[in-house]
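Single-letter residue listing:
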Amino acid sequence: MAIYALLDSPSVTGAYRFAIDPGEQTVVKVDCRLFLRREVRKLGIAPLTSMFYHGENTARWFNDFRPETHDSDGLLLNFASGEWFWRPFDNPVRCT
């Protein structure tokens, strides 16, 4: 199944295509094209519904009976150059 979406804001416009392949492990491939309407000094990227409280990479201890509380382990980006970039999520006491 394919779902199409448009982004329209004062700073950026764009189009998205979500290709959904259901199964035991549902896979969603996201393609997008973004066009900046003006200079953007700080660009934020966030998932639609992801949450992260603590997981296997968390340095802090949490009083929680669950070993991990999240639905995403990290962020994986693939650049046009072919380079892949992975960063695990964490919930630090403070940002550095």
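Up top is the structure these notes are about.
We now turn to the structure provided with this report. Values in this document were obtained by computation on a predicted structure and should not be read as measured data.

1. Here's the deal with the packing of aromatic side chains
The description of an aromatic ring pair uses the distance of the two centres, along with the angle that the planes make with each other.
And step 1. All told, the structure shown has 2 aromatic pairs when counted by the stated rule.
And step 2. With centroids separated by 6.0 Å and ring planes inclined at 5 degrees, the aromatic side chains of Tyr16 and Phe18 adopt a geometry described as stacked.
And step 3. Lying across the ring of Phe65, Arg66 places its NZ or CZ 5.5 Å from the centre.

2. Looking at the sheet that holds strand S3 (residues 27-36)
And step 1. Read across the sheet, 3 strands follow the order S1-S2-S3 without closing on themselves; strand pairing throughout is antiparallel. The open sheet terminates on both sides in strands that have one partner only, identified here as strand S1 (2-8) and S3. The average undirected angle you get between the axes of adjacent strands in this sheet is 15 degrees.
And step 2. Relative to strand S2 (residues 12-21), S1 runs antiparallel, the two sharing 7 bridges. Across the sheet, Leu7 pairs through a bridge with Gly14, a residue of S2.

3. Here's the deal with empty space enclosed by the protein
And step 1. Tallied over the full model, the rule gives 1 cavity of 30 Å³ or more.
And step 2. Roughly 30 Å³ of volume is contained in the largest cavity.
And step 3. What lines the largest cavity is simply Phe52, Gly55, Glu56, Asn57, His70, Asp73 and Phe89.
And step 4. The residue inventory of the lining of the largest cavity, partitioned by class, reads 2 nonpolar, 3 polar and 2 charged.

About the criteria used
Residues numbered from 1 in each chain as written. Predicted model: local features only at pLDDT ≥ 70, side-chain atom pairs only at ≥ 80, totals over all residues. Heavy atoms only, no water. Phe/Tyr/Trp six-rings, centres within 6.5 Å; stacked < 30°, edge-to-face > 60°. Lys NZ or Arg CZ within 6 Å of the ring centre and 35° of its normal. Pairing = 2+ DSSP bridges. Helix = DSSP H or I, 4+ residues; strand = E, 2+ residues; numbered from the N terminus. Axes fitted to C-alpha atoms, helices over the stretch in contact; angles between N-to-C directions. 1 Å grid on protein atoms, 1.4 Å probe; cavity = no way out; pocket = protein on both sides within 12 Å on 5 of 7 lines; lining within 4 Å. Points joined across faces, edges and corners; volume = space filled by probe spheres on them. Nonpolar A, V, L, I, M, F, W, Y, C, P; charged D, E, K, R; others polar.

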